Amino acid sequence: MSNEWSCLLCFLFLLFQFSTPISVLDFPCKPPQHSWYQFCDTSLPIPTRARSLVSLLTLPEKIQQLTNNASSIPRLGIPAYQWWSESLHGIATNGPGVSFNGTVSSATNFPQVIVSAASFNRSLWFLIGSAVAVEGRAMYNVGQAGLTFWAPNINVFRDPRWGRGQETPGEDPMVASAYGIEFVRGLQGVGEITNVFGEKRVLSADGVVVDDGLMVSACCKHFTAYDLENWGQFSRYNFNAVVSQQDLEDTYQPPFRGCIQQGKASCLMCSYNEVNGVPACASEDLLGLARNKWGFKGYITSDCDAVATVFEYQKYAKSPEDAVADVLKAGVDINCGTYMLRNTESALEQGKVKEEDLDRALLNLFSVQLRLGLFDGDPRRGQFGKLGSQDVCTVEHKTLALEAARQGIVLLKNDKKFLPLNRNIDASLAVIGPMATTNKLGGGYSGIPCSLKSLHEGLKEFSKRLSYAFGCPDVPCDSDDGFAEAVDTAKQADFVIIVAGLDTTQETEDHDRVSLLLPGKQMDLVSCIAGASKNPVILVLTGGGPLDVSFAERNQQIASILWVGYPGEAGGKALAEIIFGEFNPAGRLPMTWYPESFTNVPMNDMSMRADPSRGYPGRTYRFYTGSRIYGFGHGLSYSDFSYKFLSAPSKISLSGIIKDGSRKSLLNQVGKEVYGVDHVQVDKLQNCNSLSFSVHLSVMNLGDLNGSHVVMLFSKWPKVLEGSPETQLVGFSRVHTISKNSIETSILVDPCEHLSFADEQGKRILPLGHHILSFGDVEHIVSIEIY
């Protein structure tokens, strides 16, 4: 950085320090009257401080803390605190903890999670989390947000109709886990990473995380097997998810296990639904698994009013007091809502709840607040105290939002390399479709974006001669009154871009889809415009859920199809850059796109594996046996690529890691047919990670354009095993390639994790014999043996 820039930045910093009004933010441990308490002593361990604080509370004060809107404790100098803030892909308006009425009037709106997931870029996910954390802490400092954010949503996108699938990282449990780990690490301010611009960034002010501190608190939700809003007679409030131990182990639970064990999330949210007859928030088995086996350290919150549903909707409890007792004993610490606030006192009087149940919950709650520095005195003097309105909607964050949209947009079809268009020929361009001019491009759980620009406005920067017609009056498209004008507009243009798809009127929280087709008369509009255009058209699809666009895939007049999902505030510019070749697309679909016939599959059937005996096709790329519109991982580029395995082992022996007590029985088992081939239970092996190996790969860019490429390594078995996946993603890496050059990368494979699957009892088994690793069109066999 030049001296001139350094001086300017120093001047601006000093100007801000002395010109910004002092925040009215209230905080505990104010000197002199309230700073002498033991819980204010920062030299003491957090558990000691938390226990001290709990010991000072009266019973009524304890009860007042069991809601998201925790009451103040004036005699101890503790202000009220709102636990519920949202930050799924940027600071959002959904939670009452966030306000945009103040010095901060907007925040960076990153692409919806499903779009960011399509980048298959761990570094990007971390950077988005860290940028959101900076803006969250900055908004807290000016009194416009809390520090406990209820994100990310890491439920597996099991059914294409799910209205909240857009909020998730997709259908693969390993990808969902990887996303959760990176986003949580970024959000909580842990670690160091080199960003997409090659700059190193350390979130902690001094590069060190002291005393398990948090920049903000992240919350992994919704635990577990939650992926139905409102379908038929089922709603999320009364739905009993019947899930096998097999599917729990290798599909529904891995994202939460990773989020807790590797991501170190400080919050877990239990879901509305029942799991095998027990409400998730009342399940000692589920919540105990997280705390006792996975080592979760943090607080557990109910989803909003999920404690009430235990009695009011599910009738699992016999009274409100029983519902409160059930969830507290299961391990819930705080109720989003007022049910515990209103019913805990009578539950205590009836002997259904003990005061120590409340103390346990409060210890978890105050421990997280202490880790956030809420009891360390004036937050403006703390580690992140200098963050303020100048750190929201920064150039860096807005550039990151643009980069995320670029990396997540997926090119689904590109006949005869129709795209990219040549920007220099000064051709006229028509844009058709109701989603083309909306600036609401974030999807669910959005805030107020820094920059409100539509797809149309983004394209306008690249084309001097741009016309527009809406075609459909809105996304539901119940009328064709605008078709004639749209057709006329299309006829007069050299090139036509049709924007079709979904918005949050079609898919959102509490609203699932019933069809996978384009809404209303949208399909007719697309076909009409394609037929009228002098050149083949470009179809741009919005929305987070899969669509059956087989008609467009077959139509030769539709040369190219791009999926932009909900690309966030920079989506218009990112789309234009891709269409005109300034950015080479590399996004890959993180979910299968099914045909409309899939809507015959009952949405309440939680089984992942196919069952031909009842005509059940299975779910997700790992188990689905039916036809696809586009498969998981599908995504084209303007370049072609060739692949090569450089090195990987051919044989792996398990002999050295078999637990002594299991050695004899395993050796006797060799040669016997179990599940179609010999296998070993993973829990019979010790030091499993010692088997890990790196697969070294080479990718050659055969095209004329530089660009990123997503390397995806899959595994499969040569025989069809009982319960085994059709194929399974082992690892992925996003690399930047240079035209006519190759680049090398490596993917770490842990056989006990990546080459195993769960049996019917939920035990992970590692098959012996040949495992086929594949990426692109090349394969390599690794034989796992006992010898």
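It should be emphasised that the depicted structure is a prediction, and the values quoted were computed from it without experimental measurement.

Quick word on the packing of helix H7 (residues 245-252) against helix H8 (residues 254-261)
At a minimum axis separation of 6 Å, H7 and H8 run at an interaxial angle of 50 degrees. Considered as vectors, H7 and H8 are oriented oblique to each other. Contact residues: Leu248, Glu249, Asp250, Thr251 and Tyr252 in H7; Pro254, Pro255, Phe256 and Arg257 in H8. In terms of residue class, the contact of H7 with H8 is built from five nonpolar, one polar and three charged.

Things to note about unusual backbone geometry
Note the cis peptide between Ala151 and Pro152, where omega equals 15 degrees. Looking at the element boundaries, Pro152 is found in the loop between helix H5 (122-141) and helix H6 (173-188). A cis geometry characterises the amide bond from Leu419 onward to Pro420, with omega recorded as 10 degrees. The backbone phi angle of Asp305 is positive, close to 75 degrees, even though this residue is not glycine.

Concerning the packing of aromatic side chains
Counted according to the given criterion, the structure contains 32 aromatic pairs. Aromatic side chains Trp162 and Tyr226 sit 5.7 Å apart centroid to centroid with 85 degrees between the ring planes, which places their arrangement in the edge-to-face category. Highlighted residues: Trp162 in the loop between H5 and H6 and Tyr226 in the loop between strand E5 (219-223) and strand E6 (230-231), separated in sequence by 64 residues. Here Phe418 and Phe495 contribute two aromatic rings whose centre-to-centre distance is 6.0 Å and whose plane-to-plane angle is 65 degrees, an arrangement assigned as edge-to-face. Of this pair, Phe418 sits in the loop between strand E13 (410-414) and strand E14 (429-432) while Phe495 sits in strand E16 (residues 495-501), and the two are 77 residues apart along the sequence. Taken together through their ring pairs, the aromatic side chains of Phe120, Trp125, Tyr179, Phe183, Tyr621, Phe632, Phe714 and Phe732 make up a single cluster. Positioned above the aromatic ring of Phe732, the side-chain terminus of Arg122 is 4.1 Å from the ring centre.

Some details on the nonpolar core
Core analysis: the largest hydrophobic core is formed by 182 residues, its most contacted members being Trp150, Leu541, Val549, Trp563 and Trp593. In terms of nonpolar packing, the next biggest core, distinct from the first, is built from 34 residues, Ile409, Leu411, Leu441 and Leu459 among them.

Side note on the sheet that holds E13
By definition, the strands of a sheet pair up through backbone hydrogen bonds, in either a parallel or an antiparallel sense. Strand order in the open sheet formed by six strands is E13-E18-E17-E16-E14-E15, with mixed pairing between adjacent strands. Of all strands in the sheet, those with a lone pairing partner are E13 and strand E15 (466-469), marking the two edges. The sheet shows a mean angle of 20 degrees between the axes of neighbouring strands, taken without regard to direction. Against the sheet, helix H16 (residues 483-491) contacts E14, E15 and E16, and its axis sits at roughly 160 degrees relative to E15.

Points about the sheet that holds strand E10 (residues 274-275)
Here three strands make up an open sheet; going across it, the order is E8-E10-E11 and the pairing mixed. Since the sheet does not close on itself, it has two edges, and those belong to strand E8 (240-241) and strand E11 (278-279), each with one partner.

Topic: the state of the cysteines
Applying the stated criterion to the full structure yields eight disulfides. The disulfide bridge from Cys219 ends at Cys267, spanning 2.2 Å between sulfur atoms. In this structure, the disulfide formed by Cys219 and Cys267 twists by about -45 degrees around the S-S bond and is classed as left-handed. Here Cys219 is found in strand E5, whereas its partner Cys267 is found in strand E9 (residues 267-270), with 48 residues between them in sequence. Accessibility assignment for this pair places Cys219 and Cys267 in one class, buried. A disulfide bridge connects Cys472 with Cys477, and the sulfur atoms are separated by 2.0 Å. The S-S bond linking Cys472 to Cys477 shows a torsion near -50 degrees; that makes this disulfide left-handed. Cys477 matches Cys472 in its accessibility class, with the two residues each being buried. Not part of a disulfide, Cys528 finds its nearest cysteine sulfur in Cys472, a span of 9.8 Å. Judged by its relative accessible area of 36%, Cys528 is partly exposed.

Section: H6
Here H6 spans 22 Å end to end across 16 residues, near enough to the 22 Å set by a 1.5 Å rise per residue. Put simply, Asp172 is the residue that caps the front of H6, since its side-chain oxygen is 3.0 Å from the backbone nitrogen of Met174. Positive backbone phi, at 80 degrees, marks Gly189, one or two positions downstream of H6.

Description of the pairing of E9
Side chains Cys267 and Met269 of E9 all project onto a buried face; the interleaved residues Leu268 and Cys270 project onto the opposite face, where all are buried too. Pairing analysis gives three bridges linking E5 to E9, with the strands arranged parallel. Bridging from a neighbouring strand, Cys220 pairs with Leu268 of E9.

Overview of the pairing of strand E18 (residues 558-565)
Of all eight residues in E18, eight are buried, a share of seventy percent or more. As paired elements, strand E17 (residues 537-542) and E18 share six bridges and run parallel to each other. Among the inter-strand pairings, Ile538 is bridged to a residue of E18, identified as Ser560.

Quick look at the environment of Lys315
By the element assignment, Lys315 lies in the loop between helix H10 (306-312) and helix H11 (320-330). For the pair Lys315 and Gly615, spaced 300 residues apart in sequence, the C-alpha to C-alpha distance is 33 Å. In this view, Lys315 contacts Thr309 and Val310; residues no more than four positions away in its chain are not counted.

Concerning the environment of Asn343
With respect to the helices, strands and loops of the structure, Asn343 is situated in helix H12 (residues 339-349). Its relative accessible area of 11% is what places Asn343 among the buried residues. Each C-alpha atom, one on Asn343 and one on Ala323, is 9.0 Å from the other, the two residues being 20 residues apart in sequence. What Asn343 contacts, discounting residues up to four positions off in sequence, is Pro320, Glu321 and Val324.

Examining the packing of helix H2 (residues 46-55) against helix H13 (residues 355-371)
Look at H2 against H13: their axes get within 9 Å of each other, and the N-to-C directions meet at 125 degrees. Classified by the angle their axes make, H2 and H13 are oblique. Both H2 and H13 take part in a crossing whose hand is right-handed. Side by side, H2 and H13 meet where Ile46, Arg49, Ala50, Arg51, Leu53 and Val54 of the first sit next to Asp359, Leu362, Leu363, Phe366, Ser367, Leu370 and Arg371 of the second. Each residue belonging to the contact of H2 with H13 can be placed in one class, and the counts come to eight nonpolar, one polar and four charged.

What to know about the side chain of Asp548
Within the fold, Asp548 resides in the loop between E17 and helix H18 (550-554). It turns out Asp548 is buried and unbridged, and the closest side chain with the opposite charge, Arg554, is 6.3 Å from it. In terms of polar contacts, Asp548 uses its side chain to reach the side chain of Ser550, at 2.7 Å. Polar side-chain contacts of Asp548 include one of 2.8 Å to the backbone nitrogen of Glu596. Beyond its immediate sequence surroundings of up to four residues, Asp548 is in contact with Leu516, Leu517, Tyr594, Pro595, Glu596 and Ile629.

A look at the side chain of Glu61
Relative to the helices and strands, Glu61 resides in helix H3 (residues 59-63). Once you skip the residues sitting within four places of it in the chain, Glu61 turns out to touch Leu56, Ile73 and Arg75.

Structural notes on the pattern of salt bridges
Under the defined criterion, the tally for this structure stands at 37 salt bridges. Put simply, Arg291 and Asp333 hold a salt bridge, and the shortest N to O gap is 2.9 Å. Linking Arg291 in helix H9 (residues 284-293) with Asp333 in the loop between H11 and H12, this pair joins segments that are 42 residues apart in sequence. In this structure, Glu403 and Arg406 form a salt bridge, with 2.8 Å as the shortest nitrogen-oxygen distance. One end of the pair is Glu403 and the other is Arg406, both in helix H14 (residues 395-408) and three residues apart, which spans about a single turn. For the pair shown, Glu403 and Arg406 are each scored as buried. Beyond isolated ion pairs, a larger network of salt bridges with shared partners links Arg164, Glu167, Glu229, Arg236, Glu509 and Asp510.

Calculation notes
- Residues numbered from 1 in each chain as written.
- Predicted model: local features only at pLDDT ≥ 70, side-chain atom pairs only at ≥ 80, totals over all residues.
- Heavy atoms only, no water.
- Axes fitted to C-alpha atoms, helices over the stretch in contact; angles between N-to-C directions.
- Helix = DSSP H or I, 4+ residues; strand = E, 2+ residues; numbered from the N terminus.
- Parallel < 35°, antiparallel > 145°, perpendicular 65-115°, else oblique.
- Contact = heavy atoms within 4.5 Å.
- Nonpolar A, V, L, I, M, F, W, Y, C, P; charged D, E, K, R; others polar.
- Phe/Tyr/Trp six-rings, centres within 6.5 Å; stacked < 30°, edge-to-face > 60°.
- Lys NZ or Arg CZ within 6 Å of the ring centre and 35° of its normal.
- Core = buried A, V, L, I, M, F, W, Y, C linked by side-chain atoms within 4.5 Å.
- Buried < 20%, exposed > 50% of the residue type's maximum accessible area, 1.4 Å probe, protein only.
- Pairing = 2+ DSSP bridges.
- Disulfide = S-S within 2.5 Å.
- Expected span 1.5 Å × (residues − 1).
- Polar contact = N/O pair within 3.5 Å; in protein donor to acceptor, adjacent residues only side chain to side chain.
- Left-handed = near helix turned anticlockwise from the far one by under 90°.
- Lys, Arg positive; Asp, Glu negative; His and termini not counted.
- Salt bridge = Lys/Arg side-chain N within 4 Å of Asp/Glu carboxyl O.

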